[in-house]
Structures are given as structure tokens and as C-alpha cells.
Amino acid sequence: MTLEPPAPPHAESAVRAAPLLPRRDGRDGALMFVIAVLCGLSCAAVLLALASDRAASGWGRQLHASATVQVRPKAGETSGEASASAAETLAGVKGVTEARALDRAAAARLLEPWLGKDGVPEDLPIPELVTVDLDPAHPADAAALDTALSKAGVDASVDDHGRWLKEVDRAAFTVRAATLGVAALMAAAAGAAIAFATRAGLAARRDLVKVLHLTGAEDRFIARLFQMRFGRLAAEAGLQGALGVLALWLGLKLLGGANGLTPFLPLDWTDLWALAPVPLLAGLIGAISASRTAMVIVRSENAWGGKD
């Protein structure tokens, strides 16, 4: 007679109950890829909004810190004398740090972006301009500059770049609204994808849901199972999407130097803080979407046909 060896102590306690829902499913790969891509696009949209806002702020500061004055010589006065008189008058105005008259060569360089380097004819009449650098802390306004010129008897027009500031602000607002709208749409799409996956998961485990109902499990308990599962899945996918955008951001920052890829959309290290909450937000959206979808389906008698 052969005796069986005794079971090791605590053998029964070493056996762990299998989870009601598996942590991984063969269909999770496609869902995680979709959520990771959506989260990555949302991160890219937010970073673009931050970069565009920084660029607009920089352009606004430059426009606020300067003004341009067009001088019209009077009878018996040369253009150079009129410009010099205007620059001398404006230099004494409170809130002005420097005023300098532009010669023809400097004024012609301002036209090069539109006419080309060799596209400025010699006989082209170029207005006499005076550039004014304003005190950043207490800049002089256009009215003060115009009053000083009038008192000095200088015929000139002051442009404080107010029109350009409005255009910059409008463009910055449009870019911010568009990029943040795209980020919101990506978040909504991620929630819809998780809701669809939850519905498919419940349909595939219809028998399990019935058994849980028969054993007295409440609807909230069943919904919580799917909430935890898909919330964790969405958080992992959000982390992957954020890491992908982080790698792309680092590449652009290293290749582009201090400003990033382009000075028109400057990148800054502080932008990376915007990526930190992405996994948490993705997990929260996934958990809420899965919980709401599961509750609706479990409570609906039509979902199960009303029959065992």
C-alpha cells in the first residue's frame, strides 16, 4: 500500500482565487493602442497650445515695448533734419528709453521680407521713420508721444502697434481654443472607446453577470469590477501616450536648441508638467465611462432579454 506524501503546511492558503475579470484580455491590445494614440494627440495639442501662447506673449511684449513714428518733413526742411528733430524730441519723453531715426538703408531692410533683398528700387520713396523703445515698466502711450511731437512742431504720425497687438491676441486665442478643443475631443473619443469596450466585455461575460446576480451581487459591485479593470487599462495607455509625446518633445528640444523646433513655437521645460496628470486623467475618464456604461447595461432588463 502506497502512502501519499502529506500536503505541505498552508497549502490551501497558498491557492489564490482567480479574479472575476482577467487583468488582460486578447482584445485589450487594440483598445490600449487606440487610447494611447488619443492621449498622445491630446498631449501634443496641449503642448502646442502652451507653445503658441508663449510665442504670442513674446510677440506682444515686443510690440508693447516699441513704437514707430512716421515723420513728414516741412517746407525748407530735409528728411534727415525732420527725423533727427523727432528722435531728439521723443527721447526726452517720460517712458521712452531710446529713440533713433532710421536711415534709408535701415528702412529698406524692413521692406526686404516683402520685396526681396534686391527688390527695393533706388527711386522708391521710403517714409522717414523713427523707432522708439519704451520703458517696459512704465511705457509712454501714443497720446504722450503725439503731444510731445505737436509741441515741438514736428509733423508726424505715431503707431503704437495696437492694431498688430489685437491681431496677435486674436490669433493666439484662436490657436488656444482650437488645440484645447482638439484635446477635449480626443478625451471624449477615448471615453467612447472605453464605453464600447465595456459593452463588449459585458456581452462576452453575460453568464458571469447572471451568476453574480443569482448570488446576490449588487449592480454597483458588478459595475465596479469593470470600472477598476478599464480604469487601470486606460491609465496604462495614457502613460504610454504621454511617454511617446515626451520622447518626441525631447527630440524636438534637442534638435532645435533653446527655442525647440522653431522660434515661432518655442518649447520650454516647464511644459512637461502638462504631461504629468495625463495617466491619471485617462484612468479617471476610463473608470467613469466604464462604470456608467456597466450600470446602464446591468440595470437594463432588455440587455439580457429578461430571461435566464
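Residues numbered from 1 in each chain as written. Predicted model: local features only at pLDDT ≥ 70, side-chain atom pairs only at ≥ 80, totals over all residues. Heavy atoms only, no water.

## Some details on the confidence of the model for the chain
Phase 1: Averaged over the chain, the pLDDT score is 76; the fraction of residues at 70 or greater is 79%.
Phase 2: Residue range residues 1-18 is modelled with pLDDT below 50. Its contacts to residues more than four positions away, or to other chains, number 0 contacts.
Phase 3: The model gives residues 301-308 a pLDDT under 50, and that stretch makes 11 contacts with residues more than four places away or in other chains. (pLDDT = per-residue confidence, 0-100. Contact = heavy atoms within 4.5 Å.)

## Quick word on the packing of aromatic side chains
Phase 1: On inspection of all chains with the given rule, the structure shows 1 aromatic pair.
Phase 2: Geometry around F230 places R229 over its ring, the cationic atom sitting 5.2 Å from the centre. (Phe/Tyr/Trp six-rings, centres within 6.5 Å; stacked < 30°, edge-to-face > 60°. Lys NZ or Arg CZ within 6 Å of the ring centre and 35° of its normal.)

## A closer look at the pattern of salt bridges
Between side chains of opposite charge, a pair can form when the charged atoms approach closely.
Phase 1: What the rule picks out here adds up to 4 salt bridges.
Phase 2: The shortest N-O distance in the salt bridge between D271 and R54 comes to 2.6 Å. In this pair, D271 sits in the loop between α8 (219-256) and α9 (278-299) while R54 sits in helix α2 (residues 28-64), placing the two residues 217 residues apart along the sequence.
Phase 3: By relative accessible area, D271 is classed as buried at 2%. (Salt bridge = Lys/Arg side-chain N within 4 Å of Asp/Glu carboxyl O. Helix = DSSP H or I, 4+ residues; strand = E, 2+ residues; numbered from the N terminus. Buried < 20%, exposed > 50% of the residue type's maximum accessible area, 1.4 Å probe, protein only.)

## Considerations on the sheet that holds strand β3 (residues 128-134)
Phase 1: Ordered in space as β2-β3-β1-β4, the 4 strands form an open sheet in which the pairing is antiparallel. Looking at the sheet topology across the chains shown, the edges are occupied by β2 (96-101) and β4 (156-159). The sheet shows a mean angle of 20° between the axes of neighbouring strands, direction not considered.
Phase 2: Pairing analysis gives 4 bridges linking strand β1 (residues 66-71) to β4, with the strands arranged antiparallel. Pairing of V69 across the sheet is with V158, part of β4.
Phase 3: The strands that helix α3 (residues 79-91) touches are β1, β2 and β3; relative to β2, the one it contacts most, it runs at about 175°.
Phase 4: Taken strand by strand, helix α5 (residues 142-151) contacts β1, β2 and β4, and its axis lies near 165° from that of β4. (Pairing = 2+ DSSP bridges. Axes fitted to C-alpha atoms, helices over the stretch in contact; angles between N-to-C directions.)

## Points about the state of the cysteines
Phase 1: Counted by the stated rule, this structure contains 0 disulfides.
Phase 2: With no disulfide of its own, C39 lies 6.6 Å from the sulfur of C43, the closest cysteine sulfur.
Phase 3: Look at C39 and you get buried, because its relative accessible area is 10%. (Disulfide = S-S within 2.5 Å.)

## Quick word on the nonpolar core
Phase 1: L31, I35, L202, I222 and F230 are the most contacted members of the largest nonpolar core, which has 34 residues in total.
Phase 2: At the level of secondary structure, the elements contributing two or more residues to this core comprise α2, α6 (162-204), α7 (206-214), α8 and α9.
Phase 3: When residues in this core are grouped by element, the largest group, 10 residues, is from α8.
Phase 4: Once residues within four sequence positions are removed from consideration, I35 is found in contact with I194, L233, A234 and A237.
Phase 5: Listed in part, the 19 residues of the second largest apolar core include V93, V96, V132 and A148. (Core = buried A, V, L, I, M, F, W, Y, C linked by side-chain atoms within 4.5 Å.)

## Some remarks on the environment of V130
Phase 1: Looking at the element boundaries, V130 is found in strand β3.
Phase 2: Through-space distance from the C-alpha of V130 to that of L102 is 5.8 Å; in sequence the pair is 28 residues apart.
Phase 3: Contacts of V130, omitting those with residues within four sequence positions, involve A67, T68, V69, V71, S83, A86, A87, L90, A99, R100 and A101.

## Here's the deal with α5
Phase 1: Of the positions making up α5, those classed as buried are L145, A148 and L149. All buried residues of α5 project into a common sector of 100° when viewed along the axis, lining one side.
Phase 2: Considering only its buried residues, α5 is in contact with β1, α3, β2 and β4.
Phase 3: Looking one or two residues past α5, G153 carries a phi angle of roughly 75°, positive in sign. (Arc of directions from axis to C-beta.)

## Description of a nonpolar patch on the surface
Phase 1: Nonpolar side chains collect at one region of the surface, where F33, V34, V37 and L41 lie side by side and expose about 350 Å² of accessible area between them.
Phase 2: We classify V37 as partly exposed; its relative accessible area is 36%. (Patch = residues over 30% accessible without salt bridge, like charges linked within 9 Å, V, L, I, M, F, W, Y side chains within 5 Å. Areas by Shrake-Rupley, 256 points an atom, 1.4 Å probe, with all protein chains shown as cover.)

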